[in-house]
Amino acid sequence: VAAINAMAARRQTAALSDLLTYSGDSDSTVRRAAYAALRGFGGDAEIPALAEQVLAGKTEAAGALEAAAQRATDKPAAVKKLLAMAGGDEQKVAALVETLSALGGDEALAALNRLVSSSSPDTQNAAVRALGTWADFSASKPLLAIAGNKEAQLNQHVLAVQGLAALVRSAEAAPAASRVELALAAYNAARRLEEKKLILSALGAVPDRRAAEALKPFLKDPQFKTEACAAALSLGEALARSDRRTARELATEVKTATDDASLVRRADRILSR
């Protein structure tokens, strides 16, 4: 274990094949040390062996496999390899959903989307959870389909809306107009106030006038005023330099809509710039 830890600390890539061997050791302490090292610097070459372990039911390998997938330099090739290893077996694909999510890409997305229609609730839930952590805007279409499906279980619906909110917040490579449009579609699909508020908060992360216009109608709505005002101020702070006019408009409307002292102070700071 001390030797494994030393190799991990030095990131000795020449030792990776030995670490894979030690990950199958009968001593659990040795196995844990090997997996911890593999999580630290395993990559493309280690993905097939770790996937074999996961598919064989060795759940200890899952974290190391996902970490290796995140570091993979040829993610499309890794997806093809994993799907070939799963061989179309739904349960095997389901065992790899977190790794497929880490790898991303159209082929992995299509595989997860197929699992959403599985007859197994557990498989469905695993697929929806993985889609909810998808970093690319391409996941918006299947997530929106789940969120808008009136037959979807509530937990799946909530996971889908949470995933959509995350995309609205973080998919900076997507056009701002598309992110705002997605937010409004997700808001309309949301069943509960909690998810609607989450979507409104996400709009505050889209630095564009269209997001401001989408938020304004909610500033005086008693149900959503607090979240909408906070989101509007976050947006105003982000736009203070690039679109001062919109930033000041938002700050002025927030001051009219709320008497919350902390929100008013934030609005005043925007107006004083």
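Refer to the structure presented above.
Draft legend 1. Geometry of helix α10 (residues 121-132). An ideal rise of 1.5 Å per residue puts 16 Å on 12 residues; α10 measures up with 16 Å between its terminal C-alpha atoms. For α10, the full list of buried residues reads Thr123, Gln124, Asn125, Ala126, Ala127, Val128, Ala130, Leu131 and Gly132. Where α10 is buried, its residues meet α7 (90-95), α8 (97-103), α9 (106-115), α11 (140-147) and α12 (154-170).

Draft legend 2. Focus on the environment of valine 168. You can see valine 168 is positioned in helix α12. Note: C-alpha distance between valine 168 and leucine 200 (32 residues apart in sequence) is 9.9 Å. Not counting the four nearest positions on each side in its chain, valine 168 is found in contact with Arg179, Leu182, Ala183, Ala202, Leu203 and Val206.

Draft legend 3. View of the nonpolar core. Core analysis: the biggest nonpolar cluster contains 87 residues, and Leu19, Leu38, Leu50, Leu96, Leu100 and Leu203 have the highest contact counts within it. With seven residues, helix α16 (residues 225-239) is the single largest residue contributor to this core. Not counting the four nearest positions on each side in its chain, leucine 50 is found in contact with Leu20, Tyr35, Leu38, Ala61, Ala64, Leu65 and Ala68.

Draft legend 4. Up close: the pattern of salt bridges. If you walk through the whole model with that rule in mind, you get 13 salt bridges. Among the ionic pairs, glutamate 194 bridges to arginine 192, the shortest N-O distance being 4.0 Å. Its relative accessible area of 31% is what places arginine 192 among the partly exposed residues. Taken together, the shared-partner salt bridges in this structure form one network comprising Arg209, Glu213, Lys216, Arg245, Glu249 and Glu253.

What counts as what
Residues numbered from 1 in each chain as written. Predicted model: local features only at pLDDT ≥ 70, side-chain atom pairs only at ≥ 80, totals over all residues. Heavy atoms only, no water. Helix = DSSP H or I, 4+ residues; strand = E, 2+ residues; numbered from the N terminus. Expected span 1.5 Å × (residues − 1). Buried < 20%, exposed > 50% of the residue type's maximum accessible area, 1.4 Å probe, protein only. Contact = heavy atoms within 4.5 Å. Core = buried A, V, L, I, M, F, W, Y, C linked by side-chain atoms within 4.5 Å. Salt bridge = Lys/Arg side-chain N within 4 Å of Asp/Glu carboxyl O.

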